[in-house]
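One-letter residues, chain by chain:
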Amino acid sequence: MKTARQSRLSIETPEGVVFSFELAMPVSRALAWAIDAAAILTACSVVGQVCAAANLFSRDVAAAVTTLLYFVISVVYGILLEWRWRGQTIGKRILGLRVLDIHGMRLQLSQIVLRNLLRLVDALPALYLVGGIACLFSRNAQRLGDLAANTIVARERKPQEPDLDEIAPAKYNSLLAYPHLAARLRSLVTPEAAAIAIQAVTLRDGYDPIARVELFAELAAHFRSLVEFPEQALEGVTDEQYVRSVLRVIYTP
Amino acid sequence: MIIDLPRFVAAERVYWDELALLLARLETSPEARLSLPEIQRLHYLYERSSADLARLDTFSTEPNLRAYLESLVARAYTEIHETRAPVKLRWKSVVLAFPRAFRRHQAAFRLSLGVTLLGCAFGWFALRMDPHVKSVLMPFAGLNSSPAERVAKEESAKTDKLRGEKASFSAELMTHNIHVTVLTLALGMTWGVGTLILLFYNGVILGAVAADYIGAGFGTFLTAWLLPHGSIEIPAILLGGQAGFILAGALIGWGGRTPRTERLRAVGPDLFAIIAGAGVLLVWAGIVEAFVSQYHQPVLPYSLKIAFGACELAALTAFLAWAGRE
């Protein structure tokens, strides 16, 4: 196991295949915690109101039940949900986060209990200051509870497909006439370069005309350096049209 | 290199879907056992999907497909390489896990006990040498009054001072004590320093209270007051300290070459068992403290309370020492 960079945790299997998790940063974790805190307060309030409305107990027993329920709900909430939902609470689900074992193994109940109990020390002195600082300085963005339980909080990836009809309308594409070159281009373009091209095409109308011409010339030159298409495929194609054709090649299966 | 991606996806998707179905079955019922042909099939599908993921590296601009395959391979990796048995919540193994975990880490418990006793000695001598420190050491206003006055008041009480409040008082005691015990465990993450300070402070209070009452000649009252709930509550907090020191030991890892993550992984189940056991003990201690400890002679004879506390302590000692021995 190795850490590729601070924002990702990569795991290499014995078969030599590498998969990685995008680590959740303290801000998204704090938001998830705020949602969970609201859920706990709501649950406690509802249960308290139901107890009071039902008038089942004496005032003493009702106070005891409220105290115990608040304590049980606040402790058990995280443990139960992370156990049943495989590492997620309501807040984590909404924000697309998930608790995972640091080695990619199955999350154990003891790990979930430990990371939730250690919130007591992470929450010190107030508002998860200790946990937040630990998150910022630990290699895998772990609070103390995560360090003790060998867990990480990762962001679930939901990559968005670009809107091809918006950025590269389905017109005749001269590059697709050469499938072997198109396949080669698809394999050589990096996700970063593709993302820059998408951004350039999406925002093209807001650019200064000269800057627009220069930007697309630079992008087209980069893509041309990767794969050389025959002259007839590029005849009458401007740099901007070429970049849009490249995007259509990349994202059309 | 894959030339024809659509054909590659069409050919392989059937295997990915089969793997996804098998994984969903395993994840929804972790205790389910696969037959040998099913295990062999799972391994084959995992290796095939891993190979597909490696081949897909040539398609760096296929983030969706790559993310899907990565997640599939990661889930299969978990199921194939996980060596720990899934948790089986059987009451007997759950109950016996607690004393077994306790016995595996007796050195940590002795350290917890030693630090508390050191605190007791400090509290005792501090109060005997300078009675004015009482207001500084005692955490509750009720403990600041004179022992003689309190004993006289308690023994002559005509009404039940906790009438209509026993249940809520008991609930507050339970939650407070469980909070303190879990904090004692959690502070193990400060390399044990926080655990040590908390145990020492608890010991100081206990020692100061003992010095105050025994020095004033009310040793019997003190024993009858504290023993019914203290015989469970104090060991439970010591167990929290034991868990804190186990955690600290795994974090520090003196003398061993095992990586920190492996050391912490090894002690996780024992920490869980000990803290869960301590939590249950503190629920009982909270009930006893509210419903038994606060009543004194003539309502409840001291001998009866002391005998009750001694029986509890003996039962707890026997349980921790012998339950689940093989």
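Residues numbered from 1 in each chain as written. Chains lettered and ligands numbered in written order. Predicted model: local features only at pLDDT ≥ 70, side-chain atom pairs only at ≥ 80, totals over all residues.

Student: Would you take a moment to explain the overall build of chain A for this structure?
Tutor: Along the backbone of chain A there are 13 helices and five strands. Taking all 253 residues of chain A together, 34% fall into the buried category. (Helix = DSSP H or I, 4+ residues; strand = E, 2+ residues; numbered from the N terminus. Buried ≥ 20, exposed ≤ 12 C-beta atoms within 10 Å, placed from the backbone.)

Student: For this particular structure, what's the right way to read the overall build of chain B?
Tutor: Helices and strands together make up the secondary structure of chain B, namely 12 helices and zero strands. In sequence order, chain B lays out its α and β elements as α-α-α-α-α-α-α-α-α-α-α-α. Against the globule reference of 20 Å for 326 residues, chain B gives a C-alpha radius of gyration of 29 Å, more extended than a compact globule. Structurally, chain B occupies a C-alpha span of about 95 × 40 × 35 Å along its principal axes. Of all intrachain contacts in chain B linking residues separated by at least 6 positions in sequence, the fraction that spans at least 24 positions is 82%. (Rg over C-alpha atoms; globule rule 2.2 N^0.38 Å. Contact = placed C-beta atoms within 7 Å.)

Student: How should I be thinking about the domain arrangement of chain A in this particular structure?
Tutor: Often the size quoted for an interface is simply the accessible area lost on bringing the parts together. What the domain assignment lists for chain A is domain 1 (2-155) and domain 2 (164-251). One C-alpha centre belongs to domain 1 of chain A, the other to domain 2 of chain A, and the line joining them spans 44 Å. (Domains from an automatic or database assignment.)

Student: How should I be thinking about the environment of A:Ile79 in this particular structure?
Tutor: All names here are of chain A. Here Ile79 lies in helix H2 (residues 59-84). Overall, the presence of 17 C-beta atoms within 10 Å leaves Ile79 in the partly exposed class. Separated by 28 residues in sequence, Ile79 and Cys51 place their C-alpha atoms 24 Å apart. If we skip the residues at most four places from it in the chain, Ile79 touches Ile112, Val113 and Asn116.

Student: Sorry if this is basic, but what is going on with the domain arrangement of chain B here?
Tutor: Split into domains, chain B comes out as domain 1 (5-81) and domain 2 (91-322). Placing the centre of domain 1 of chain B and that of domain 2 of chain B at their C-alpha centroids yields a distance of 51 Å.

Student: What should I look at first to understand the nonpolar core in this one?
Tutor: When a protein is soluble and globular, its nonpolar side chains tend to lie buried together. In this structure, B:Leu247, B:Leu271 and B:Ile274 are the most contacted members of the largest nonpolar core, which totals 86 residues. A per-element tally of this core places helix H11 (residues 260-293) of chain B first, with 13 residues. Excluding its chain neighbours within four sequence positions, the residues that come into contact with B:Ile274 are B:Phe98, B:Ala101, B:Phe102, B:Leu239, B:Gln242 and B:Ala243. Grouped together as the second largest cluster of nonpolar side chains are 22 residues, A:Ala194, A:Ala197, A:Val243 and A:Val246 included. (Core = buried A, V, L, I, M, F, W, Y, C linked by C-beta atoms within 7 Å.)

Student: Explain the pairing of strand S4 (residues 97-101) of chain A here, please?
Tutor: Within a regular strand, the side chains alternate between the two sheet faces. All names here are of chain A. The element S4 is largely enclosed, with a buried count of four among its five residues. Relative to strand S5 (residues 151-155), S4 runs antiparallel, the two being bridged by five bridges. Counted as the bridge partner of Leu100 is Ile152 from S5. (Pairing = 2+ DSSP bridges.)

Student: Would you take a moment to explain unusual backbone geometry for this structure?
Tutor: Glycine aside, residues mostly have negative phi angles, and peptide bonds mostly take the trans form. Cis geometry is found at the peptide bond from A:Leu124 to A:Pro125, where omega equals -15°. The residue A:Pro125 is located in the loop between helix H5 (119-122) and helix H6 (129-137) in this model. Geometrically, the link from B:Gln297 to B:Pro298 is a cis peptide bond, its omega value of 5° lying close to zero. Positioned with a positive phi, A:Leu127 is a non-glycine residue whose angle comes to about 50°. When you line up the elements, A:Leu127 lands in the loop between H5 and H6.

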